[in-house]
Amino acid sequence: MAYRANILINSDAPGAEAVYGAFLDELQELALRDEVQVLMTSGLGGQGVATQGVDAIVYPDSVRYVNLTPDDVARITEEHLLKGRPILALTQAAPEVAPLPPPAPKEVRVVLRNIGKINPFDIEDYIAEDGYAALAKVLTTMTPEQVLDVLKQSGLRGRGGAGFPTHLKWTFARNSPNKPKYLICNGDEGDPGAFMNRSVLEGDPHAVIEGMAIAAYVIGAEQGYFYVRAEYPIAIRTLRAALEQAREYGFIGKDIFGTGFDFDLEIRMGAGAFVCGEETALMRSIEGQRGMPTTRPPFPAASGLWGQPTNINNVETYANVPQILLKGGEWFASMGTEKSKGTKTFAIAGKVKHTGLIEVPLGVTIREIVYDIGGGILNDKKFKAVQTGGPMGGCIPEQYLDLPVDYQSLASVGSIMGSGGFVIMDEDTCMVDIARFFMDFVQDESCGKCTPCRVGTRRMLEILNDICAGRGQPGDIELLEEMGKSIMHGSLCGLGAGAPNPVLSTIKYFRHEYEAHIYEKKCPAKVCRALIEYKVDPELCIGCTRCARNCPVDAIAGAPKEKHVIDPTICIRCGICKQVCPVAAIDVY
Amino acid sequence: MPEGSALNEIIQKYEGDREALVEILRDVSQAAGYVTPEDMATIAQRLGLPQSQVHSVASFYSLISLKPMGKHVIRFCQDAPCHVAGGREIWETLEQTLGIPFGATTDDGQWTLLTTSCIGACSVGPVMMVDDEVYGNLTPDRVREIVAQVGGGA
Amino acid sequence: MKSLEELQKIKERALQRRKLAGEGARARIVVAMGTTGIAAGARDTMAVILKELEKRGISDVVVTQTGSAGMSTYEPVVQVQVGNSELITYGNVDANRAVTLIEKHVLGGEVVAEWQVK
C-alpha cells in the first residue's frame, strides 16, 4: 500500500515513544494505518526550528507540530490526517523565506542559488544542496596550495569593490609567519541601495560560513569574525542560528572532519558608521576604537586585527568559494570576461520596472541589465544615466549603454564596480542634484582624519548646494574639478579617494546641466526647487479654482471663471496644483 | 542609564573587555535611548580607559546617541535609491507633520526625527523605520497615517 | 562532523525528506475528506486511488487530503494537477471514476471534461 502521508517524530526528545505509540493507536482506530506511515527518526531537520519537546512533521504537507503530548495526537489524527485540516494552534510557524523571482534569461545564480529555496534555519536543507561538501573535500583531500591553485584558476576577485585577486590575498596571509591569524567577513554593506550581502546572510548563511572555514584552513587561522552592520538585525539573528547549527553538526569548532583543524566564528556588530566598511576602519572598530582608516602598508595580511595577520573578504567573495571548489576553477572562469571572471550580484534600483537583486556573468552590458532584465525605464521614460558602485561610483550616461559591466570597463568611464550598486536614472533626474546628494552622504560619513576629505567634501557640498539654489558662480565648475582632484590624491582611504567621483563624472558627461544651473539659473530636469516655476497656461485655464483651493500657501490668485495666476514668490513648488488641475493647464517651467 | 545595575550588567556581559567598548556603548544607547556623561565616566573607570577615549568612540558612531531621544524614533532613509523614488517629498512631509527639523526631538518628547543610512529595502522605497518597524512605499498620506497611528496608540 | 560518510548520510536523509514533501512530484491528487465527503464515500475513493497507484508502480505522484470542498452535491470531490498545469476539480468521483482519472488525466494528461466541476 502506498502511503499518502508520512509522520516523522524526532526520537531524541523525551516522551517521543509515547507520542509515537499514540499515533499508531489513533491511526488504527480510524483505519488509516495503511495510508499513513509513522516513523521515528533521529534528528528531525526539516522546516522550522527544533524545540526541546517532541516535534513531529507531517509530510507532504510539511507541517511541523511542536511540543506534542499523547493527548494532542487524537485531534491531529482526526482533523489533519483524516480530514486534511492541520491544527494551526499546535504548529510552529516556519520563518518566512522570501524567494527571489525566477531568474531572468541572462541571469546565472551562483551566490544567489539557494536564496528562497532552502530554509536558512535548517542546516540539513543546505546539506541537501551539497552544503559543506566543499569543506569536506578540502579538509580531507586537498592541501592549502592546491586550494590556492583552484582559486587562481577561477580568477575570483574580491567582490567588496576593490576586486583584488582572492588567491593572492589569501597567499599573503598564509605566508605571514606570525600567529595567531584572523579571518574577517566584511558584512558592513553600507552602500545605499545595496542589499546583496544582507540577502545572502539572511538566505544562505552557511555558504559564507563554509567559505570562511576553507579560507581559515588555507591561511592558518583558528578564529574568524563576522562584522555585520547593526542595521541588519534579521541577518544577525539568522547568522547566529546558523553558527549554532554549524557548531552542533561539527562543521566549525574543534577537530573538524577529524582532521585536527580547529576554527570558530563570532559575530561583531557595526554601530552606524559607513566608513567601517573600509577594511582598516573595520578592524579598528572591532578593536573598540574609532573607526578611522589607518595607512596601508602594513596590509592586513601582514598586520591587521590586533597587529596580527588577517584576511578580510566580503560576504559575496566567501560565498563563491564552496561552489568553486566543488565545480572547479575552470567552471567559474568559463563565465565572465578575460580579466573579470565569474558572476556578480547587483542590486537594481531607481527608475526601472523591475528592481531587486540579480546575478549575472560579468561582461553583460548595461543595456542588457536595464532593458532585458530590468524591463526598461518606468513609465517608458528615457534612460539618462546609471550610477554604479555606490556613493563613490560615477554616473554613466546613455552613450555607454553597450558597455560590458566588468571591473576595467567601469573604471575606464570613471566609475567603479563597488559592491554591486546599480541605480538607474531617467530624464526627470537632475544630475547636479544627484551629485549633491551623494556628496552630502559622503561628507556626513567622512571620518575626518584627512583634511582634504574632511574640509574638501564640505566645501564641494557648499558649492553644489549653492548651484542648486541658484547661487552658482562662473568658475564653480572649474573649482569643483580642481578640488575633486585634490581630495582624491590627498585621502588615505577609498571613501575620500572616491568621494568626488559622482561630481566629476556628472561634470564630465552632463556639463551642460551644470552650466544651465549656473548661467541660466535653470534646472533642465525641473527638479531643483529654486530654479523652477509653476505656471498656469492662460490658453487652457478654465477658471475652476481647484488649484487655488488646494494650494497650501495660497499662492494662486483668480476668481471663478477667470484665468488663474501663480505668484512665484509665494509658491513653494510642491506640485499639488499641477496634480489637481482637471485640464492639465499647469506645468513646470 | 536610570539604574546603575543595568549598566553593570552590560559591562559584565562583555567581561569588562576594553575592546568591546563599541558594543558596550551601543547596548547602553539602545537600552536607555542614549548614553549620559555619567555612564561614560563609569565605563571609562571600569574598563581602565581615559574618559576622552570613551567620549571619542561614543561620538564617532551614529547608532550611539549622546542626546535623549523621544518616545518614538523615526529613522528616514536618506540614501540615493529612496531619494530617487521620491524621498524629498516624504522628507518635507515628515518635517511638516512633526513640526521639527531633522535631528531634533519634539518639545513634548514624543518624537525624534533622524536620518539613517540604507536599510536595504530599496525596492519598496522611500522607506522609514519607526522604532523597530520598517515602513515602505511611503506617500505623504501614508506618512501622516503612520504618525497618527503610532503616536495615538502610544 | 567526523567523516565524509556522515555528511553523505545527512544529505541523503535531507533529500529523502524533500521527496516526502512531494518536491519534484509529477502530479498532485487531492481528495476532499470533510464530513460530507466521507459520508459520500471519499474514504473508499482515497483507498482506491492509493491502490491503483501502487498497482501501476507509480511513486512520484503526491496524494493528500483536504477539508470539505463545500460542494455537497458533488462529493466525493477530487482535484488533479499534473505538473504546473491548471488544477482541475472533479465531482462525484467514485471508485470507477477514480481509476479512469488516474489513467486519463494523471498519466495521459487529458482532462475528463464530463466530470469536471467549475
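Preceding this section is the structure that the text describes.
Residues numbered from 1 in each chain as written. Chains lettered and ligands numbered in written order. Predicted model: local features only at pLDDT ≥ 70, side-chain atom pairs only at ≥ 80, totals over all residues.

Quick word on the overall build of chain C
Piece 1. When helices and strands are tallied, chain C shows four helices and four strands.
Piece 2. Walking chain C from its N terminus toward its C terminus, one meets helices and strands in the order α-β-α-α-β-β-β-α.
Piece 3. Scaling as 2.2 N^0.38, a compact globule of 118 residues should have a C-alpha radius of gyration of about 13 Å, whereas chain C reaches 17 Å, well beyond that.
Piece 4. The proportion of buried residues among the 118 residues of chain C is 34%.
Piece 5. Restricting the contact set of chain C to residue pairs at least 6 apart, pairs at least 24 apart contribute 65%. (Helix = DSSP H or I, 4+ residues; strand = E, 2+ residues; numbered from the N terminus. Rg over C-alpha atoms; globule rule 2.2 N^0.38 Å. Buried ≥ 20, exposed ≤ 12 C-beta atoms within 10 Å, placed from the backbone. Contact = placed C-beta atoms within 7 Å.)

Observations regarding the pairing of strand S6 (residues 223-228) of chain A
All names here are of chain A.
Piece 1. Extensive coverage of S6 is indicated by the burial of five of its six residues.
Piece 2. Pairing of S6 with strand S8 (residues 261-269) involves six bridges; the strand directions are parallel. Residue Phe 226 lies in a different strand from S8, and its bridge partner there is Ile 267. (Pairing = 2+ DSSP bridges.)

Considering the packing of helix H1 (residues 16-29) of chain A against helix H2 (residues 70-82) of chain A
Residues and elements named next belong to chain A.
Piece 1. In contact at an axis separation of 9 Å, H1 and H2 are set at 35° when each is read in the N-to-C sense. The chirality of how H1 crosses H2 is right-handed. Mapping the contact onto sequence places Ala 18, Val 19, Ala 22, Phe 23, Glu 26 and Leu 27 in H1 and Pro 70, Val 73, Ala 74 and Thr 77 in H2.
Piece 2. A class-by-class count of the residues in the contact of H1 with H2 yields eight nonpolar, one polar and one charged. (Axes fitted to C-alpha atoms, helices over the stretch in contact; angles between N-to-C directions. Left-handed = near helix turned anticlockwise from the far one by under 90°. Nonpolar A, V, L, I, M, F, W, Y, C, P; charged D, E, K, R; others polar.)

Side note on helix H8 (residues 205-219) of chain A
For the α-helix, the turn length of 3.6 residues means that residues three or four positions removed from each other point alike.
All names here are of chain A.
Piece 1. Over its 15 residues, H8 runs 21 Å from end to end, which matches the ideal 21 Å to within 8%, given 1.5 Å per residue.
Piece 2. Within H8, 15 of the 15 residues are buried, which leaves it mostly tucked inside the rest of the structure.
Piece 3. Of the residues flanking the end of H8, it is Gly 220, one or two places downstream, whose phi is positive at about 90°. (Expected span 1.5 Å × (residues − 1).)

A look at the pairing of strand S1 (residues 5-10) of chain A
Residues and elements named next belong to chain A.
Piece 1. Burial analysis of S1 places five of its six residues in the buried class, the great majority of the element.
Piece 2. Of the strand pairs in this sheet, S1 and strand S2 (residues 36-41) are connected by six bridges, and their pairing is parallel. Opposite Ala 5, over in S2, you have Val 36 as the bridge partner.
Piece 3. When S1 meets strand S3 (residues 56-59), the two strands line up antiparallel, connected through four bridges. Bridging across to S3, Ile 9 finds its partner in Ala 56.

Side note on the interface of chain A and chain C
Piece 1. Taken together, the contact between chain A and chain C spans 29 residues of the former and 27 residues of the latter.
Piece 2. For the side of chain A that touches chain C, the secondary structure elements donating two or more residues are helix H3 (123-128) and helix H4 (133-141) of chain A.
Piece 3. Among the elements that take part in the side of chain A that touches chain C, H3 of chain A stands out by supplying four residues, more than any other.

Some thoughts on the arrangement of the chains
Piece 1. By contact count, the dominant pairing among the two pairs of chains in contact is that of chains A and B.
Piece 2. Note that chain B does not reach chain C: the shortest distance linking a C-alpha of one to a C-alpha of the other is 29 Å.

Some points on the sheet that holds S2 of chain A
Residue and element names in this part refer to chain A.
Piece 1. On the basis of which strands lie adjacent, the open sheet formed by four strands has the order S2-S1-S3-S4 and mixed pairing. Two strands bound the open sheet, and with one partner strand each, they are S2 and strand S4 (63-65). Geometrically, the sheet is characterised by an average inter-axis angle of 20° between neighbouring strands, direction not taken into account.

Notes on the sheet that holds strand S2 (residues 111-116) of chain B
Sheet strands associate in pairs through backbone hydrogen bonding, adopting either a parallel or an antiparallel arrangement.
Residues and elements named next belong to chain B.
Piece 1. Across the sheet, which stays open at both edges, the four strands sit in the order S2-S1-S3-S4 with mixed pairing between neighbours. Strands with a single pairing partner mark the edges of an open sheet, and in this sheet they are S2 and strand S4 (133-135). Going across the sheet, the axis of each strand differs from the next one's by a mean of 25°, ignoring polarity.
Piece 2. As paired elements, strand S3 (residues 128-130) and S4 share three bridges and run antiparallel to each other. Across the sheet, the residue bridging to Met 129 is Val 134, located in S4.

Let's talk about the nonpolar core
Piece 1. Within the largest apolar cluster, 179 residues are counted, with the highest numbers of intra-cluster contacts made by Val 208, Met 212, Ala 213, Ile 214, Ala 215 and Ile 369 of chain A.
Piece 2. In terms of residues, this core owes the most to one element, H8 of chain A, which gives 11 residues.
Piece 3. The contact partners of Ala 213 of chain A, leaving out residues within four places of it in the chain, are Leu 135, Phe 251, Ile 252 and Phe 263 of chain A.
Piece 4. Counting 52 residues, the second-largest nonpolar core is a separate cluster that includes Ile 7 and Tyr 65 of chain A together with Leu 20 and Leu 101 of chain C. (Core = buried A, V, L, I, M, F, W, Y, C linked by C-beta atoms within 7 Å.)

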